[in-house]
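Chain by chain, the residues run as shown.
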Amino acid sequence: MPSKLMEGRKSQDWINLVLAICLFISPWVIGFTAAMVPAWNAWIVGVALGALALATLSVFAEWEEWVNLVLGLWLIVSPWLLGFAANTNVMATHVVLGVLVVAASAWAVWDFRHPHAHA
């Protein structure tokens, strides 16, 4: 596998790790630790995304990117499914971070499936 492609994948994994950290600390930064459902959602998904990003940084596996993509989609829809969409800041935090996770994961899957696109 070309070195440049591996560097791209690594940067996508670092992006997901940073997003996971942002998501995990968002209840304190945005100030919604008292809202238990969105706070726990952010903490649980943040830990899962972070663990997957760390695992993928050591050894790439396409399935990990697909799981990240699903977690990103969950973040996008969770404000409505878990009933905290009315809190605009909390909803926006989940949706924006979810979109970014989906984008980074989709980029990683696309890179994996189209290795010659970088030639």
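See the structure printed just above.
Caption draft 1: Structural context of the overall build of the protein. What the protein contains, in helices and strands, is four helices and zero strands. Ordering the α and β elements of the protein from the N terminus gives α-α-α-α. Scored against the burial criterion, the 119 residues of the protein give a buried share of 45%. Counting only contacts in the protein whose residues sit at least 6 apart along the sequence, the fraction spanning at least 24 positions is 60%.

Caption draft 2: Highlighting the nonpolar core. One finds L23, F32, V45, L49, L71 and L75 to be the most contacted residues of the largest nonpolar core, which totals 16 residues. Put simply, the parts of the chain that give this core at least two residues each are helix 1 (3-31), helix 2 (36-58), helix 3 (62-81) and helix 4 (88-113). No other element matches the six residues that helix 2 contributes to this core.

Caption draft 3: Inspection of the packing of aromatic side chains at higher detail. Taken as a whole, this structure holds three aromatic pairs when the rule is applied. Here F24 and W28 contribute two aromatic rings whose centre-to-centre distance is 5.8 Å and whose plane-to-plane angle is 55 degrees, an arrangement assigned as tilted. Taken together, the residues F24 and W28, both in helix 1 and four residues apart, mark about one turn of the helix. With centroids separated by 5.1 Å and ring planes inclined at 90 degrees, the aromatic side chains of W40 and W43 adopt a geometry described as edge-to-face. One end of the pair is W40 and the other is W43, both in helix 2 and three residues apart, which spans about a single turn. The structure contains a cluster of three or more aromatic residues connected by ring pairs, namely F24, W28, W40 and W43.

Caption draft 4: Spotlight on the packing of helix 3 against helix 4. Running from N to C, helix 3 and helix 4 point in directions that differ by 160 degrees, and their axes come no closer than 8 Å. With respect to helix 4, the element helix 3 is oriented roughly antiparallel. Both helix 3 and helix 4 take part in a crossing whose hand is left-handed. When the residues that make up the contact of helix 3 with helix 4 are grouped by side-chain class, the tally is 17 nonpolar, six polar and three charged.

Caption draft 5: How the structure looks around a nonpolar patch on the surface. Taken together, the side chains of I21, F24, I25, W28, V29, I30 and V47 define a hydrophobic patch exposed on the protein surface, amounting to about 650 Å² of accessible area. The greatest single-element share of the nonpolar patch, amounting to six residues, is contributed by helix 1.

The rules we used
Each chain has its residues counted from 1, following the order in which its sequence is written. In keeping with the model being predicted, local features are shown solely for residues with a pLDDT of at least 70 and side-chain atom pairs are shown and tallied solely at 80 or more, while totals for entire chains, interfaces and linings include all residues. Each side-chain value is worked out from all heavy atoms of the structure, with water and hydrogens disregarded. Each helix is a run of H or I in the DSSP string that is no shorter than four residues. Each strand is a run of E no shorter than two, and both are numbered from the N terminus. Working definition: with a 1.4 Å probe on protein chains only, accessible area under 20% of the residue-type maximum means buried, over 50% means exposed, and in between means partly exposed. Contact criterion: two residues are considered in contact whenever any of their non-hydrogen atoms come within 4.5 Å of each other. To qualify as a nonpolar core, a set must consist of buried Ala, Val, Leu, Ile, Met, Phe, Trp, Tyr and Cys residues joined through side-chain atoms within 4.5 Å. Each Phe, Tyr or Trp ring, with Trp reduced to its six-membered ring, pairs with another whose centre is within 6.5 Å; inter-plane angles below 30 degrees give stacked pairs, above 60 give edge-to-face pairs, and intermediate values give tilted ones. For helices, the axis comes from a line fit to the C-alpha atoms of the stretch in contact; other axes are also lines fit to C-alpha atoms, and the angle between any two N-to-C directions lies between 0 and 180 degrees. These descriptions rest on fixed angle ranges, namely under 35 degrees for roughly parallel, over 145 for roughly antiparallel, 65 to 115 for roughly perpendicular, and the rest for oblique. Each helix crossing is assigned a hand: it is left-handed if the near helix lies turned anticlockwise from the far helix by less than a right angle, otherwise right-handed if that turn is clockwise. Under the scheme applied here, ten amino acids are nonpolar (Ala, Val, Leu, Ile, Met, Phe, Trp, Tyr, Cys and Pro), four are charged (Asp, Glu, Lys and Arg), and all others, including Gly, are polar. In this analysis, a patch consists of residues with relative accessible area above 30% that form no salt bridge, clustered at 9 Å for like charges and at 5 Å for the nonpolar side chains Val, Leu, Ile, Met, Phe, Trp and Tyr. For the area figures, the Shrake-Rupley method with a 1.4 Å probe applies, and any residue is considered shielded solely by the protein chains shown. Salt bridges are defined by distance alone: a side-chain nitrogen of Lys or Arg within 4 Å of a carboxyl oxygen of Asp or Glu.

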